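Chain by chain, the residues run as shown.
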Amino acid sequence: MDTSTSQLLNLPTEILVNILKFSASSTSPSPHKTLLNVALTCSTLHHTVFCTENDLLWREPALALGIPESLRLDHVLYSGSSTLQKRLWRNVVKLNLAWARPFPAKTPVIPKQQRAARQLPPVDKKGDWFGRRVVEVFVAGEGARRENSYVTKPASVKDDGCAIFQVKPPGGPSGASYGSFIPELTNSAPGGPKVTCVLDPVLGKPREVPLGNNRSHGWVASPLPVLAGCVTPFPVQAGFVFEEKNGEYRVRTVDASTAALSHSWNLGKRKPDRVVANGEILVAVTYAHPDIDSKTPHIPSNIVCVESFAGQEGRSRWKARTLASSKIIWEFDLCIRWPQEMNRYTSFPHLKNFHITRTHLVCLVTQHPTANLGKLVGTDFYILDLQSGGTVKRMKFSTKSSSIISLSGSPRAAFTTALSHEFLLTDTYIVSGGAGGGLLVWNYTSDKHEPIYTIPDPLPADTSKPDRPAPPLPRQYSALTMSGDGRYVAATTSDQLWLFDMVDKKVHAVYTNGRKIEAKDYYARNPADDFPAGVWCWWKEWRSKRDESGAMIWEEVDGSGGVAYLIGLDGEKRKLDVKKLLFDVAIGPHWGILMLVMSSSLYIYIYMMMLWEKISKYFESRAEG
């Protein structure tokens with residue numbers, strides 16, 4: 001070690017860290033390589049660079065990889081940490097570097113298919129083991145249409161290891177048994193109302209989120225399905241409750257840790273169609289304001305960004321409540337603004353799907369000649385600034401299978417079709433479908449306007465059916481989601497769950513739920529059979545321990561966890577009581593109980609009076625006789 005290095009190490013830690021911060025802000029070589037080179041100098045600098053207390057050193061490398069400068073560590077969507085682990089900028093850098101590397105060009109190795117369990121096993125509490133179980137992936141699986149179905153919210157590190165979902169009863173306007181119970185609901189769209197639940201993987205049983213007694217402040221839970229007029233059912237509505245009062249609407253979100261309602265956003269007279277939220281910010285696509293003359297009143301095309309402020313409802317159900325206030329940050333009608341921005345007045349944009357981070361709103365939009373949405377002209381990603389609503393960037397889907405997304409010489413089916421526009425969003429990357437099959441990965445913070453690589457499509461080489469030749473077209477993915485730490489992308493078919501490792505660039509695992517797929521249904525997203533709808537749940541076990549400094553940390557238990565296909569989440573021995581649900585929604589559960597008790601008491605009183613009158617007349621007739 002030379003004299004200069006020795007003198008450098010003798011500096012106070014605060015000054016040394018500031019020097020390393022300055023060196024990490026250089027552009028040549030890249031900041032993360034600078035820190036790695038410094039760490040290789042000696043053991044002291046290695047400890048300084050990788051010490052948890054000095055983790056802020058890695059913020060500059062994270063920004064160089066595309067993380068917005070205004071983003072705080074707590075606001076990063078996927079920081080490379082699971083629910084129980086401490087968030088570190090170092091993990092953000094490692095995860096983003098791994099995502100930037102493409103998958104190998106060769107066909108991926110498909111691991112042996114495993115059978116998913118039908119329920120979560122009990123937690124092993126033997127010995128002095130103190131641990132936790134958390135949900136890593138949570139996604140709905142389709143099934144029999146006459147049974148209850150599920151809508152899931154993707155697993156998130158902010159949900160305390162729990163999972164949020166909704167139970168959607170079957171039926172609709174025809175054959176609905178509850179139409180005569182509440183006449184106002186006879187026009188409900190197929191699927192009816194939903195019940196929101198929280199699944200704690202430790203308990204293994206869901207908790208229903210109570211709607212509360214909304215009559216005290218005038219708000220009632222909207223019984224009409226929000227997706228009634230939506231062409232594509234994305235984003236999913238799990239985790240949100242919609243309420244209405246005197247023609248005004250508000251949205252509330254579910255806190256997974258308490259199974260109660262928390263944030264509230266007021267939308268005024270804008271009827272919501274779909275919403276997404278991140279912290280205090282909510283973005284909704286709504287129908288036009290009734291006081292505004294809209295060109296397309298039947299199509300939800302108004303985008304509004306709303307911020308919710310602190311303040312929750314009081315605990316008492318009988319006293320006045322203090323409601324959380326909210327304000328509109330920006331809004332615009334995309335059918336008016338975006339055609340003007342494109343200078344294509346004959347093009348009609350239709351919003352198919354959208355997600356948000358703390359800094360950006362990403363919209364997947366199709367272009368059509370007219371508002372009839374007949375002919376598909378093109379498909380684009382719109383990247384908007386979340387603070388202003390202004391367009392930052394547009395990325396256009398290629399209509400042809402280019403070399404970057406061509407997986408073989410055979411024709412390929414398009415994953416992104418007119419009825420399937422799912423995509424995943426991080427603070428830097430997008431995962432979507434596209435022409436040519438497979439899953440496209442985009443870096444929307446870079447200067448590029450096309451996908452940077454493809455997650456290979458292993459479905460044509462499905463080894464689970466060795467007696468069947470490889471089909472000329474890939475099977476359809478039914479849903480996409482991501483693990484809470486951002487490492488794994490999960491894609492489902494009608495009978496399988498595929499886990500893609502974005503760090504090691506391989507197929508991590510393949511699970512089957514036991515559904516028997518006939519040859520005629522091989523390409524169907526949801527074959528018409530009696531297989532029950534359920535939820536794919538990948539959970540992990542964690543152990544608490546002390547690190548070298550004596551601090552308590554969580555480490556994953558080797559070989560623990562697994563995947564289950566959960567069914568019957570609406571109750572083991574009962575079906576969803578739709579009439580009771582609608583009764584609670586309409587007038588509130590406590591008033592419902594009170595009225596039921598009062599009506600029962602009145603009925604008993606009248607019956608006893610009639611019985612007493614008959615007994616009295618009987619004895620009077622006997623006395624006269």
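Scoring rules and cut-offs
- Residues numbered from 1 in each chain as written.
- Predicted model: local features only at pLDDT ≥ 70, side-chain atom pairs only at ≥ 80, totals over all residues.
- Heavy atoms only, no water.
- Pairing = 2+ DSSP bridges.
- Helix = DSSP H or I, 4+ residues; strand = E, 2+ residues; numbered from the N terminus.
- Axes fitted to C-alpha atoms, helices over the stretch in contact; angles between N-to-C directions.
- Buried < 20%, exposed > 50% of the residue type's maximum accessible area, 1.4 Å probe, protein only.
- Patch = residues over 30% accessible without salt bridge, like charges linked within 9 Å, V, L, I, M, F, W, Y side chains within 5 Å.
- Areas by Shrake-Rupley, 256 points an atom, 1.4 Å probe, with all protein chains shown as cover.
- Salt bridge = Lys/Arg side-chain N within 4 Å of Asp/Glu carboxyl O.
- Arc of directions from axis to C-beta.
- Phe/Tyr/Trp six-rings, centres within 6.5 Å; stacked < 30°, edge-to-face > 60°.
- Lys NZ or Arg CZ within 6 Å of the ring centre and 35° of its normal.
- pLDDT = per-residue confidence, 0-100.
- Contact = heavy atoms within 4.5 Å.

**Q** Provide a residue-level description of the sheet that holds strand 18 (residues 391-396), including the pertinent values.
**A** Ordered by their spatial adjacency, 4 strands build an open sheet running 15-16-17-18, and the pairing between neighbours is antiparallel. In this open sheet, the two strands that pair with only one neighbour each are strand 15 (348-356) and strand 18. Looking at each pair of strands side by side, their axes are set apart by 25° on average, direction ignored. Across 8 bridges, strand 16 (residues 360-368) lies against strand 17 (residues 378-385) in antiparallel orientation. The partner of Thr 366 across the bridge, within strand 17, is Thr 379.

**Q** Quick rundown of the pairing of strand 5 (residues 195-199)? Include the residues and the values.
**A** In terms of burial, strand 5 is largely enclosed, as 5 of its 5 residues are buried. Across the two faces of strand 5 the burial is the same, with Val 195, Cys 197 and Leu 199 and Thr 196 and Val 198 all buried. Strand direction decides the pairing type here: strand 4 (residues 163-168) and strand 5, joined by 5 bridges, are antiparallel. The residue bridging Gln 166 from the neighbouring strand is Thr 196, located in strand 5. As paired strands, strand 5 and strand 6 (residues 206-208) are joined by 3 bridges and run antiparallel to one another. Bridge pairing in strand 6 places Cys 197 opposite Glu 208.

**Q** An account of a nonpolar patch on the surface is needed here, citing residue identities and associated values.
**A** Taken together, the side chains of Ile 604, Met 608, Leu 611 and Ile 615 present a nonpolar region at the surface, about 350 Å² in accessible area. Summarising the element assignment, Leu 611 is placed in helix 9 (residues 589-624). With relative accessibility at 36%, the residue Leu 611 sits in the partly exposed group.

**Q** Requested: an account of helix 3 (residues 31-39), with residues and values cited.
**A** Those residues of helix 3 that sit buried are Pro 31, His 32, Thr 34, Leu 35, Val 38 and Ala 39. In an axial view of helix 3, the angular spread of the buried residues amounts to 160°, which keeps them on one side of the axis.

**Q** Before we move on, can you summarise the packing of aromatic side chains with the specific residues and values?
**A** Here the structure, examined in full by the defined rule, presents 15 aromatic pairs. Look at Trp 536 and Tyr 565: their rings are 5.1 Å apart centre to centre, the planes differ by 65°, and that puts the pair in the edge-to-face class. Here Tyr 565 lies in strand 29 (residues 562-566) and Trp 536 lies in strand 27 (residues 534-546), a separation of 29 residues in the sequence. Just as Trp 536 is buried, Tyr 565 falls in that class too. Among the aromatic residues, ring-to-ring pairing joins Trp 330, Phe 332, Trp 338 and Tyr 382 into one connected group. Arg 337 extends its terminal NZ or CZ atom over the ring of Phe 332, reaching a point 3.9 Å from the ring centre.

**Q** Account for the confidence of the model for the protein, naming residues and giving values.
**A** For the protein, per-residue confidence averages 77 on the pLDDT scale, and residues scoring 70 or more make up 71% of the total. Per-element confidence in the protein ranges from a low mean pLDDT of 38 for helix 8 (residues 578-587) to a high of 96 for strand 1 (residues 114-115). The model gives residues 172-192 a pLDDT under 50, and that stretch makes 32 contacts with residues more than four places away or in other chains. Confidence drops under a pLDDT of 50 for residues 572-594, and excluding neighbours within four residues, the segment shows 42 contacts in the predicted structure.

**Q** Any details on the pattern of salt bridges? Residues and values, ideally.
**A** Counting across every chain of the model gives 18 salt bridges. We note a salt bridge from Glu 541 to Arg 133, for which the minimum N-O separation is 2.8 Å. One end of the pair, Glu 541, is in strand 27; the other, Arg 133, is in strand 2 (residues 131-141), and 408 residues separate them in sequence. In this structure Glu 541 comes out as buried when scored by relative accessible area, which is 10%. As a salt-bridge pair, Arg 252 and Glu 243 come within 3.9 Å of each other at their nearest N and O atoms. The burial state of Arg 252 is the same as that of Glu 243; both residues are buried. Within the structure, one salt-bridge network assembled from shared partners comprises Glu 243, Arg 250 and Arg 252.

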